[in-house]
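Observations on chain architecture
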Amino acid sequence: MKKNILLIAILLIAFFTGCKKENSVQTNDQPLTTSTGKVGISLDKANTPDGVVGVMAMLSRQGYQTLSKNLNLVSDSSAELTFDNISVGVWKLKVDAYNAGYTVLYTGQVDVTVAENLITLVNLVLQPATAGTGSIKIVVSWGNVNSGSWIDYGSNPVLKKQETKYDGRGIGYPIVFKDDSLYRMYYLNIQNQPDSNGAMSSIGLATSKDGSSWIHYSTTPVMKPLTNGWNSVIISTGPVIKDGETYKIYYNGYGKNGVVYKIGMATSKDGITWEQRPEPVLQGLPGWENNSIGVWGVVKVNGVYYMYYHSHSIGVATSTDGITWTRYSGNPIITPTQPWEQSGIGMASVMYDNGVFKMVYQNEDYSQSFGYATSKDGLVWAKDVSNPIFSLLKVNKNWAQNAVAYSSIAKVGMQERIYYTGFNQNLTEMSIGFAYKK
């Protein structure tokens with residue numbers, strides 16, 4: 001075998017050129033609409049598992065004829081096939097990978113929605129159908145997303161460290177949200193030296209009336225690591241939401257037993273005094289999570305919490321109470337697919353705005369850049385065609401000299417903003433700035 005786990009990327013693009021709508025009478029076996037599109041599939045032959053010689057793709061939908069096409073990976077000169085005149089709507093995509101004897105070795109299926117101007121990314125994992133090991137991952141997408149231009153704020157940085165022992169190496173990792181008429185920013189403090197318990201970091205708070213001019217709430221943090229707890233060395237900012245009258249923060253940390261990040265949770269009645277749960281609410285598993293995960297985005301939509309966590313790729317878990325989490329079976333939902341992402345991706349900050357999930361994420365090396373993605377359901381995402389949308393090259397007046405990182409998305413009035421961390425030349429001090437969508 002080439003590898004125990006192998007990936008095949010199939011790009012499924014729906015073109016809505018020349019579509020038209022006509023009046024029709026609906027019967028039990030006739031569609032209501034005659035809008036059509038074209039679906040093309042492209043497969044990377046180089047990553048095909050040993051034994052797989054062909055792939056069959058089938059599109060089915062109640063009231064419609066099932067469509068199927070084969071791709072022979074041995075004899076076909078092209079690794080592409082096309083479905084023409086596909087009616088707009090929800091279809092079931094089933095993909096089988098078979099050997100020379102037409103025995104199906106891998107199989108999987110997923111519902112996909114074909115709709116005009118809808119941008120969708122679908123992850124489909126093919127599981128082994130017979131003896132043997134391995135998997136095939138199929139990435140399906142159509143349409144384009146373009147978030148527009150992002151401009152660095154001219155008065156950056158908007159928040160710098162205070163001269164306290166907590167801010168020795170600066171402040172960063174900003175999380176911003178609106179609380180009634182006031183904006184709150186939770187940020188990370190990093191000390192020059194660990195304290196007597198070995199702790200190196202804490203979480204501070206600043207407030208603003210306009211999201212641009214910020215005032216530190218206090219010279220002391222609002223949350224510190226648990227003494228001798230699972231997060232006794234590092235505690236780092238994560239998403240904050242207000243759920244009714246309760247503030248909830250999901251944060252990252254690790255203790256004295258090694259650098260293995262886990263995700264914790266704390267609650268507060270005022271957003272200042274926090275009660276931490278004694279144990280993590282989610283921790284990494286073997287596999288793509290590599291036993292160590294961090295959180296950067298949590299939203300609550302229609303009674304369901306969505307947690308976006310990372311470990312070189314981005315996954316999601318859901319919950320009905322914000323405490324007990326279930327991982328999505330299609331994880332990871334976003335993986336490195338573009339050259340600027342090859343160091344890995346993470347720090348997925350998410351907001352829900354006018355019925356759309358919007359995400360900002362970063363790559364993981366010290367030429368950090370930020371990407372943008374959108375989703376209709378919080379599970380299936382499409383990357384911006386302009387990615388990366390922001391990088392060190394766009395910083396105004398060189399205030400962040402060496403790197404930009406740890407970005408979070410927020411809406412201030414009608415303006416989308418990315419608050420981010422800027423590093424000095426030697427990567428020894430952090431400050432906070434923002435870019436806004438033009």
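The structure contained in this document is the topic of the report that follows.

Conventions used here
- Residues numbered from 1 in each chain as written.
- Predicted model: local features only at pLDDT ≥ 70, side-chain atom pairs only at ≥ 80, totals over all residues.
- Heavy atoms only, no water.
- Helix = DSSP H or I, 4+ residues; strand = E, 2+ residues; numbered from the N terminus.
- Buried < 20%, exposed > 50% of the residue type's maximum accessible area, 1.4 Å probe, protein only.
- Contact = heavy atoms within 4.5 Å.
- Areas by Shrake-Rupley, 256 points an atom, 1.4 Å probe, with all protein chains shown as cover.
- Phe/Tyr/Trp six-rings, centres within 6.5 Å; stacked < 30°, edge-to-face > 60°.
- Pairing = 2+ DSSP bridges.

What the protein chain contains, in helices and strands, is zero helices and 32 strands. Looking at the 438 residues of the protein chain, the share that counts as buried comes to 53%. Excluding contacts between residues fewer than 6 apart, the proportion of contacts in the protein chain whose partners are at least 24 apart in sequence is 52%. Of the roughly 19,800 Å² of accessible surface on the protein chain, a fraction of 49% belongs to carbon and sulfur atoms.

Looking now at the packing of aromatic side chains. Counted under the stated rule, the structure contains 26 aromatic pairs. Here the aromatic rings of tyrosine 254 and tyrosine 261 are separated by 5.1 Å at their centres, their planes lie at 85°, and the arrangement is edge-to-face. On the basis of relative accessibility, which here comes to 14%, the residue tyrosine 254 falls in the buried class. We classify tyrosine 261 as partly exposed; its relative accessible area is 29%. A connected cluster of aromatic rings, assembled from ring pairs, spans Tyr306, Tyr308, Tyr352, Phe357 and Trp381.

This part covers the pairing of strand β31 (residues 415–423). Both faces of the sheet carry side chains from a regular strand, because those side chains alternate between them. Here β31 lies mainly inside the structure; eight of its nine residues are buried. A loop of two residues connects strand β30 (residues 403–412) with β31, the two strands running antiparallel in sequence, and glycine 413 in this loop sits at a positive phi of about 65°. In the sheet, β31 pairs with strand β32 (residues 430–437) via seven bridges, with the strands oriented antiparallel. Bridging from a neighbouring strand, glycine 422 pairs with serine 431 of β32. Here β31 folds back onto β32, and the loop between the two strands holds six residues, one of which, leucine 427, carries a positive phi near 60°.

Here we take up the sheet that holds strand β21 (residues 294–301). Across the sheet, four strands lie side by side as β21-β22-β23-β24; this open sheet has antiparallel pairing. Both outer strands of the open sheet, β21 and β24 (326–327), are each paired with one neighbouring strand and no more. Summarising the sheet, β21 and strand β22 (residues 304–310) pair through seven bridges and their orientation is antiparallel. In the sheet register, valine 299 faces β22, and the bridge partner there is tyrosine 306.

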